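# Chain and residue survey
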Amino acid sequence: LSSAKEVASLYSEWITKRSEEIATLDPHHPPAARAHVAACRSCLDRMRSGVALLESDSTVRTAFQLANQAVLLQQERSFRSSRQMLFDPVAMRMSFEPPPPAPKGRGTWRPFQLAFLLMSLRSAIDGEAPDRDTVELIWFPTGGGKTEAYLGLTAFALFHRRLVNPSDDGTHVLMRYTLRLLTAQQFQRASGLICAMEHLRRNDGTKSLGDRTFSIGIWLGGDTTPNDRSDALTSFRKLDRGDEDADYNFVLLRCPWCGAEMGPVKRSVTRRRNGEPILLGLERTGSTVSLHCPDQHCEFASKLPIEVVDEDLYAAPPDLVIGTIDKFAGLAWNPDARSLFGIDSAGLRKRSPPGLIIQDELHLITGPIGSVAGLYETLIEELCTDRRGVKSLRPKIVSSTATTRRYAQQIRALYDRKDTCLFPPPGLDVGDSFFATHERKPDGRLTDGRIYVGINAPSYPSGPTTVVRVFASLLQTVRLMPEGEARDPWWTLLTFFNSLQELGTALTLFQGHIPERIR
């Protein structure tokens, strides 16, 4: 609480100074400046409301403490590299490399992450909160920590729901992405968080979090994960036999808790050659396939709280479901998916619907995909609206983006929500929003940024000729640099192409013309 109050206090002082500066601006700037300051004050009021809620409500405070602990555990384990399998051919015993020590420097929130949590606490758990219908938009540069901010809110919402009513199980958070690759990457991080939450539940002496396992499920197309149990068993058999056409479509390549490698790997029979492949972390359980950590010393050696088969998600809806937007287009043809929204086979609501929807990379939902997604949002919001009480309770929507072009209009078109809160809101200067500033040297000057070089070669009528001359020059020049760290960033050329035809042409140039040019 002391850190939360300190952030709010410092932000208040910063807002006061910006307010005083408005009088010094050019005559045409004050209207926009006052609007920016008003948005900052609104965020500050909500932060203070979150602090007051933590002080007054013991259940909220407990959920917040548990969420902090879970995120810390996830941080400590998510930065580990995969622990390789070690096989002793004499004893026929499998073990794993010991886990590396937890990285230093973890255990703190960035100011904007803590501020966002404080702002969103009440509306994430209270369906009648004044800002429940407000769409939160986290706006921060790539790599700045947006994911951990909404993962923290996810953990808080899940813990609070369990503390209030342990028997009200089922899916509570829907996390959606637009790209399958990005979904699989974030699934690994979110799985680590769920494992941390389940670890805390198992070790909770008060039993206040109930008996049901905290779990996560991934909901993707059949090319990425098995959509039914028969597909899962077929894939498992092929992988277990080592078939050449076997594809590993169970997503996880390492245990999100201890880092032990998972999937098909080759066990070392001798030091000089590899033997037959071995399948780690998968086992047939009845009519389906379950994931478990292959390291017997791991807490989740018997089973990981992770589901990747659609039928298993429908049978026991996980607390957190991660999927892509296009998956929701199948709702009209997949009646079993209703269980994710707390609805039984008779069409009756038997548990609370998802109360928190998180949409990452909002700026990617534009053009035709935005038009189609907007149509489905009407259905999704209805399925997530709880009408059992006197007042209908709509879900809370949180989104994130690295760009804010026309965000208010986009959110209105997608979700039909009039109110949007951009966080952090801009101040008076593009280089200072309190939570993020331009990096400066000790003397106050801006630090050096990246310098980009553009090459325009209009005298060469041929694109391949330009590629040969430029790339040969770059690759030859880098050889003049001393070996070591100074050379390393320049040694590899990262090149983007618009088509496979252009890529094929470039491959030919790199194999023949460019080496010849260098010589």
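Preceding this section is the structure that the text describes.
First, a word on what this report is: a plain description of the structure on this page. (Residues numbered from 1 in each chain as written. Predicted model: local features only at pLDDT ≥ 70, side-chain atom pairs only at ≥ 80, totals over all residues. Heavy atoms only, no water.)

### Quick word on the overall build of the protein
Operational definition: For the purposes of this entry, the term helix denotes a DSSP run of H or I that reaches at least four residues, the term strand denotes a run of E that reaches at least two, and both are numbered from the N terminus. Both definitions apply: the radius of gyration is a C-alpha atom measure, and the globule rule equals 2.2 Å times residues to the power 0.38. Think of it in three bands: with a 1.4 Å probe and only protein chains considered, a residue is buried below 20% of the maximum accessible area for its type, exposed above 50%, and partly exposed in between. By definition, residues are in contact when any of their heavy atoms lie within 4.5 Å. For the area figures, the Shrake-Rupley method with a 1.4 Å probe applies, and any residue is considered shielded solely by the protein chains shown.
Tallying secondary structure elements over the protein gives 13 helices and 14 strands in all. By the compact-globule yardstick of 24 Å for 519 residues, the protein fits well, its C-alpha radius of gyration being 26 Å. Here the C-alpha coordinates of the protein stretch approximately 70 × 65 × 45 Å along the principal axes. The 519 residues of the protein split such that 46% are buried. Here the analysis covers contacts within the protein between residues at least 6 apart in sequence; of these, 72% occur between residues at least 24 apart. Carbon and sulfur atoms make up 52% of the accessible area of the protein, which totals about 27300 Å².

### Some thoughts on the environment of Cys195
Locating Cys195 in the fold gives a position in helix H6 (residues 180-202). Judged by relative accessible area, which is 0%, Cys195 ranks as buried. Apart from residues lying up to four places away in sequence, Cys195 is in contact with Pro256, Trp257, Phe300, Leu304 and Pro305.

### So, the packing of helix H2 (residues 30-56) against helix H4 (residues 111-125)
The description of two helices packed together rests on the angle between their axes and the distance between the axes. Note the cut-off: Only the contacting stretch of a helix is used when fitting its axis, a line to C-alpha atoms as for every element, and angles between N-to-C directions run 0 to 180 degrees. Here the word oblique covers every angle except those under 35 degrees (roughly parallel), over 145 (roughly antiparallel) and from 65 to 115 (roughly perpendicular). Rotating anticlockwise by less than a right angle from the far helix to the near helix defines a left-handed crossing, while the corresponding clockwise rotation defines a right-handed one. Each residue receives one of three labels: charged for Asp, Glu, Lys and Arg, nonpolar for Ala, Val, Leu, Ile, Met, Phe, Trp, Tyr, Cys and Pro, and polar for the others, Gly being one of them.
The contact between H2 and H4 brings their axes to 7 Å, and the two run at 70 degrees. For the element pair H2 / H4, the angle class is roughly perpendicular. The way H2 lies across H4 gives a crossing that is left-handed. Between H2 and H4, the contacting residues are Cys43, Arg46, Met47, Ser49, Gly50, Val51, Leu53 and Leu54 on the first element and Ala115, Leu118, Met119, Ser120, Leu121, Arg122, Ser123 and Ile125 on the second. In terms of residue class, the contact of H2 with H4 is made up of ten nonpolar, four polar and two charged.

### With respect to the side chain of Lys146
As a reminder of what qualifies: Counted charges follow a simple rule, with Lys and Arg positive, Asp and Glu negative, and His plus the chain ends left uncounted. One speaks of a salt bridge when a side-chain nitrogen belonging to Lys or Arg is within 4 Å of a carboxyl oxygen belonging to Asp or Glu.
Summarising the element assignment, Lys146 is placed in helix H5 (residues 146-164). As a buried residue without a salt bridge, Lys146 has its nearest oppositely charged side chain in Glu361, at a separation of 5.6 Å. The residues contacting Lys146, other than those within four sequence positions of it, are Phe112, Ile138, Phe140, Pro141, Ser400 and Thr401.

### Quick look at helix H11 (residues 463-478)
We count it as follows: To estimate how far a helix should extend, the number of its residues minus one is multiplied by 1.5 Å.
The terminal C-alpha atoms of H11 lie 23 Å apart, and with 16 residues this matches the ideal 22 Å at 1.5 Å per residue to within 8%. Every buried residue belonging to H11 is among Thr466, Val468, Val470, Phe471, Ala472, Leu475 and Val478, and all of these are buried. Packing partners of the buried residues in H11 comprise helix H12 (488-491) and helix H13 (500-518).

### Looking at the packing of aromatic side chains
In this description, a pair of aromatic rings is defined by centroid distance and the angle of the planes. What counts here: Paired rings are identified among Phe, Tyr and Trp, the last through its six-membered ring, by centres lying within 6.5 Å, and are further divided according to the angle between planes into stacked (under 30 degrees), edge-to-face (over 60) and tilted (the rest).
Summed over all chains, the structure comprises twelve aromatic pairs. Here Trp14 and Phe434 contribute two aromatic rings whose centre-to-centre distance is 6.0 Å and whose plane-to-plane angle is 55 degrees, an arrangement assigned as tilted. One end of the pair, Trp14, is in helix H1 (residues 2-21); the other, Phe434, is in the loop between strand S14 (420-423) and H11, with 420 residues separating them in the sequence. Plain terms: the ring middles of Trp257 and Phe300 are 5.9 Å apart, the flat faces sit at 85 degrees to each other, and that makes the pair edge-to-face. Residue Trp257 is located in the loop between helix H7 (229-241) and strand S6 (263-268), and its partner Phe300 is located in the loop between strand S9 (288-291) and strand S10 (306-307); the two are separated by 43 residues in the primary sequence. Taking relative accessible area as the criterion, Phe300 reaches 0% and is therefore assigned buried.

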